[in-house]
Amino acid sequence: MPKSEVTPNSPNVNKSVSAKPSSVELHIPIKILSSETATGSNTPSGNIHFREQKGDFQRLRTMMNSLLIVLFFALPFISIDGRQAILLDISQQQFFFFGITLWPQDFTLLAWIFIAAAFGLFFITVFWGRVWCGYLCPQTAWTFIYVWIETRIEGSSNKRKQLDKASWSGSKIGKRSTKHLLWGLAALLTGCGFISYFIPARELYIDILTGNASFWVTSWVWFFAICTYLNAGWMREQMCLHCCPYSRFQAVMFDANTKTVTYDAQRGESRGPRKRKQETNLRESNLGDCVDCNLCVEVCPTGIDIRNGLQYECINCGACVDACNETMLKFDYKPNLIGYMSENDLKGVNYSYWRSPRFLGYGAAVVIMLIVIGLDLNSRSEIQLNVIRDRQSLYRETADNKIENTYQLKIRNKTQDTKQYQLAVDSEMPFSLIADPIITLAAGEQVDYPVTVLADKDAIPSGRKMIQFSVTDVKQPSQQVSQETGFFSP
């Protein structure tokens, strides 16, 4: 037979698959289906037009994506004590998170949070594979939004493929113009939503709509709008296939117990078309449960054939699971020919996650990071104090036989309320503070406060002695910060 006549549905191919399932089943379909995928889901332009699919997992994905998008746009409009709940104010170097004010020196806390989130992602990956990509990844959420807009304007996947192939006409120009206009509006709204985490949201949207935003604010909004337009509108699956680092290393976290979107080849092969509810013994006719409808390929956002085995391109969105279960229902077959299954599930092996080294390792890492975050939050002070000695002289002798040292105290109120603080100098020796011991600071204010420490020359030994400055909140004595420094005498 000439090479051009060999197709996945060709009788010769099916015979070879049944004759040698261990080698040909995995080798020949991969070569043939890779070209089939290109013509089945793609267009000559290279775009993947996947079909819309309904089902349990798609409802779950839609709900999770919708929740993500609603939170993305709504969080900047939530106010706590008259201030935006989440605001990264770079100009003032203040970061507000639901009533907590973080400063640059508190960045270690953010680092611990990101590390804990990473280990949490790895921990989930051990159980459910790449479900983050399929259900919560912003790239997936915005891609499905853009595809939803495209489907409303241009029609189903087949109609979109036909429109790609059609010559330019008034109808095609109108549909494409409308689609890209709506894509652009969605991108611009996304750009505003992102920048609203850095600039007060209520001011930003008004300034952008009225054209009163500054050059840099406008530039950043358009920058993220263009990125959204390109990523979700044009690149789509290319971001998942070639740009996302997670797709490259997530498989190393899998083990035999990880549930991923999997095709049950033992049950499905050899695949082939047949009539619905066909009254025949499929095994005697050398047919498995797979009817080779190719729907699992047509609904896949990355355009792969899950029947070829585990592939890093799979984002575990479950679209092929819903499509296959819909087909199995029509043919009165058992569901989950494609489903969330592990290697041990396919083998019928019982297992316990408690014996998995990855489960124990990533779980312990998450717990440790949460403990570190709790300790960091508990030790975090609302007052910042830096003590700087006078560099002009070590000490000064007064006419009444006293020694004085001068210091500059940098005190910052890290809260969003006006505070009164009491200054004190602590030492085993008789030192006195020459300065007003009560200082008032506004919210977020920092002052350079000069103070002088005085001691009798005869009451202290010569050389360097250690003293300690303390700053205490008058109304909340538990909020106190201190720092040691040296006191010099002849």
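Predicted model, so just to flag it, every value in this text is computed and none were measured.

1. Topic: the sheet that holds strand β3 (residues 86-89)
Consideration 1: The three strands lie next to each other as β3-β4-β5, forming an open sheet whose pairing is antiparallel. Each edge of the open sheet is held by one strand with a lone partner, namely β3 and β5 (100-102). Pairs of neighbouring strands in the sheet enclose a mean axial angle of 15°, with direction left out of account.

2. Examining unusual backbone geometry
Consideration 1: Cis rather than trans, the peptide bond between E269 and S270 has omega equal to -5°.
Consideration 2: Among the structural elements, S270 can be located in the loop between α13 (265-268) and α14 (295-298).
Consideration 3: The phi torsion at N316 lies on the positive side, around 60°, for a residue other than glycine.
Consideration 4: Here N316 shows up in the loop between α14 and α15 (319-330).
Consideration 5: Taking the relative accessible area as the measure of exposure, N316 reaches 3% and is therefore buried.
Consideration 6: Here the phi dihedral of N401 falls at roughly 65°; this positive angle occurs in a residue that is not glycine.
Consideration 7: Its place among the elements puts N401 in the loop between β9 (396-397) and β10 (402-413).

3. So, the packing of aromatic side chains
Consideration 1: As enumerated under the stated definition, the model contains 25 aromatic pairs in all.
Consideration 2: On the basis of an interplanar angle of 65° and a centroid distance of 5.5 Å, the ring pair of F50 and F144 is categorised as edge-to-face. Here F144 lies in helix α6 (residues 138-154) and F50 lies in the loop between α2 (24-40) and α3 (56-74), a separation of 94 residues in the sequence. Just as F50 is buried, F144 falls in that class too.
Consideration 3: Aromatic pair F72 and W142: ring centres 5.4 Å apart, planes at 85°, arrangement edge-to-face. Highlighted residues: F72 in helix α3 and W142 in helix α6, separated in sequence by 70 residues. No difference in accessibility class separates F72 from W142, as the two residues are buried.
Consideration 4: Members of the aromatic cluster, joined through ring pairs, are F119, F122, Y246, F249 and Y362.

Reading the values: rules and limits
- Residues numbered from 1 in each chain as written.
- Predicted model: local features only at pLDDT ≥ 70, side-chain atom pairs only at ≥ 80, totals over all residues.
- Heavy atoms only, no water.
- Pairing = 2+ DSSP bridges.
- Helix = DSSP H or I, 4+ residues; strand = E, 2+ residues; numbered from the N terminus.
- Axes fitted to C-alpha atoms, helices over the stretch in contact; angles between N-to-C directions.
- Buried < 20%, exposed > 50% of the residue type's maximum accessible area, 1.4 Å probe, protein only.
- Phe/Tyr/Trp six-rings, centres within 6.5 Å; stacked < 30°, edge-to-face > 60°.

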